[in-house]
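# Chains, contacts and geometry: an overview
Next come the chains, spelled out residue by residue.
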Amino acid sequence: MNRFEGKTVLVTGGNGGMGLVTAQAFAAEGARVIITGRDETALATAAATLGKSALAIRNDAGSAAAARELAQRLTDADIRLDAVFINAGVAQFAAFTDVPESMWDESFDINVKGPYFQIQALTPLLNKGASIVLNGSVNAHIGMPSSSVYAASKAALISLAKTLSAELLPRGVRVNVISPGPVTTPLHTKLGFDDDTRAQITSQIPLGRFGYSSEIAATVLHLSSPESGFIVGTEIVIDGGMIQL
């Protein structure tokens, strides 16, 4: 399939994990892909897998100023966008009584403020019929201990998808959100998930396994293509039945 032939797609946080897999899926279907991230080495490595037309841009996902800088760089290069996957985010966990203000600030800067102002800055660059997909989380729907800050930030992002849908629809732009459950990514290693933790989480998933990044990517591509043209302001939960059954 070449659903994105001649299209230009932006994936924030596309230098690794779920973001990179999604960027690769877009590229495999003909898109010119632009990725952002903070690690220049990882960006260069990721860009090399996305084809000669790919563009990798170092960018701070939690900064409104950086959001405007990214939009200006794309404007200067005469780039317009057909799809945006707002994927960059941070996951930090601590018991409610131990949460420092710095954790709250960083989580909401990267997971809420950054996406909000990134979309605001990119709106003039979106072609009619463009699609925006936000990366939420099932944590917004469950009361998992130690996830209060992360869950609240993702709940805000899910709400944002609905209000932005109403505001951007007159421009011909659709906004939707995906909410993955546990997915096998390098993030889980960074969070210190050992075998016992993984087994405990897996026991809560009716399908009996973690998801794959390729499954998340497939849903993002569906929401970004014309075939989902009647889907707007919707949250699609991808969790193996974790919060559904």
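Residues numbered from 1 in each chain as written. Predicted model: local features only at pLDDT ≥ 70, side-chain atom pairs only at ≥ 80, totals over all residues. Heavy atoms only, no water.

Taken across its six residues, strand β4 (residues 81-86) has six buried, putting it largely inside the fold. Where β4 meets strand β5 (residues 126-135), five bridges bridge the pair, whose relative direction is parallel. Within β5, the residue paired with V84 across the bridge is I132. Remark: the β4/helix α4 (residues 101-122)/β5 crossover connection has right-handed handedness. (Buried < 20%, exposed > 50% of the residue type's maximum accessible area, 1.4 Å probe, protein only. Helix = DSSP H or I, 4+ residues; strand = E, 2+ residues; numbered from the N terminus. Pairing = 2+ DSSP bridges. Right-handed = clockwise from strand over helix to strand, strands pointing away.)

The next thing to look at is the UniProt feature "domain: Ketoreductase" (unreviewed entry) in the protein chain. The residues that UniProt annotates with the feature "domain: Ketoreductase" (unreviewed entry) are residues 7-181. Secondary structure over residues 7-181 splits into 43% helix and 21% strand, and the C-alpha atoms at its two ends are 29 Å apart. (UniProt positions renumbered as here; feature names shortened; annotations may be inferred.)

So, about the packing of aromatic side chains. Summed over all chains, the structure comprises four aromatic pairs. Both rings, one in W104 and one in F108, keep their centres 4.2 Å apart while their planes meet at 20 degrees; by these two values the pair is stacked. Of this pair, W104 and F108 are both found in helix α4, four residues apart, which corresponds to roughly one turn of the helix. With a centroid separation of 5.1 Å and an interplanar angle of 65 degrees, the aromatic rings of Y116 and F117 are classed as edge-to-face. (Phe/Tyr/Trp six-rings, centres within 6.5 Å; stacked < 30°, edge-to-face > 60°.)

Summarising the element assignment, S131 is placed in strand β5. A polar contact of 2.8 Å, which involves the side chain of S131, links it to the backbone oxygen of L223. Setting aside its immediate chain neighbours within four residues, S131 contacts D82, A83, V84, R174, L223 and S224. (Polar contact = N/O pair within 3.5 Å; in protein donor to acceptor, adjacent residues only side chain to side chain. Contact = heavy atoms within 4.5 Å.)

Core analysis: the biggest nonpolar cluster contains 27 residues, and L74, L81, V84, L122, I132 and L134 have the highest contact counts within it. At the level of secondary structure, the elements contributing two or more residues to this core comprise α3 (64-76), β4, α4, β5, α5 (148-168) and β6 (174-180). If near-sequence neighbours (up to four positions away) are discounted, I132 is found in contact with V84, I86, I119, L126, L168, V173, R174, V175 and N176. Within the second largest apolar cluster, 24 residues are counted, among which are F26, A31, I35 and L43. (Core = buried A, V, L, I, M, F, W, Y, C linked by side-chain atoms within 4.5 Å.)

Of the residues making up helix α2 (residues 40-47), those classed as buried are L43, A46 and A47. Summarising the axial view, the buried residues of α2 lie within an arc of 95 degrees, below the 170-degree limit, and thus occupy one face. Exposed and oriented more than 90 degrees from the buried face of α2 are T41, A44 and T45. On its buried side, α2 packs onto α1 (17-28), β2 (32-37) and β3 (55-58). A side-chain oxygen of the first residue of α2 lies 3.0 Å from the backbone nitrogen of T41; this N-cap is D39. (Arc of directions from axis to C-beta.)

Close contact between α4 and α5 brings their axes to 10 Å; oriented N to C, the two are set at 15 degrees. With respect to each other, α4 and α5 are oriented roughly parallel. The crossing of α4 and α5 is right-handed. Contacts from M103, W104, S107, F108, N111, V112, P115, Y116 and I119 of α4 reach α5 at V149, Y150, A152, S153, K154, A156, L157, L160, L164 and L168. (Axes fitted to C-alpha atoms, helices over the stretch in contact; angles between N-to-C directions. Parallel < 35°, antiparallel > 145°, perpendicular 65-115°, else oblique. Left-handed = near helix turned anticlockwise from the far one by under 90°.)

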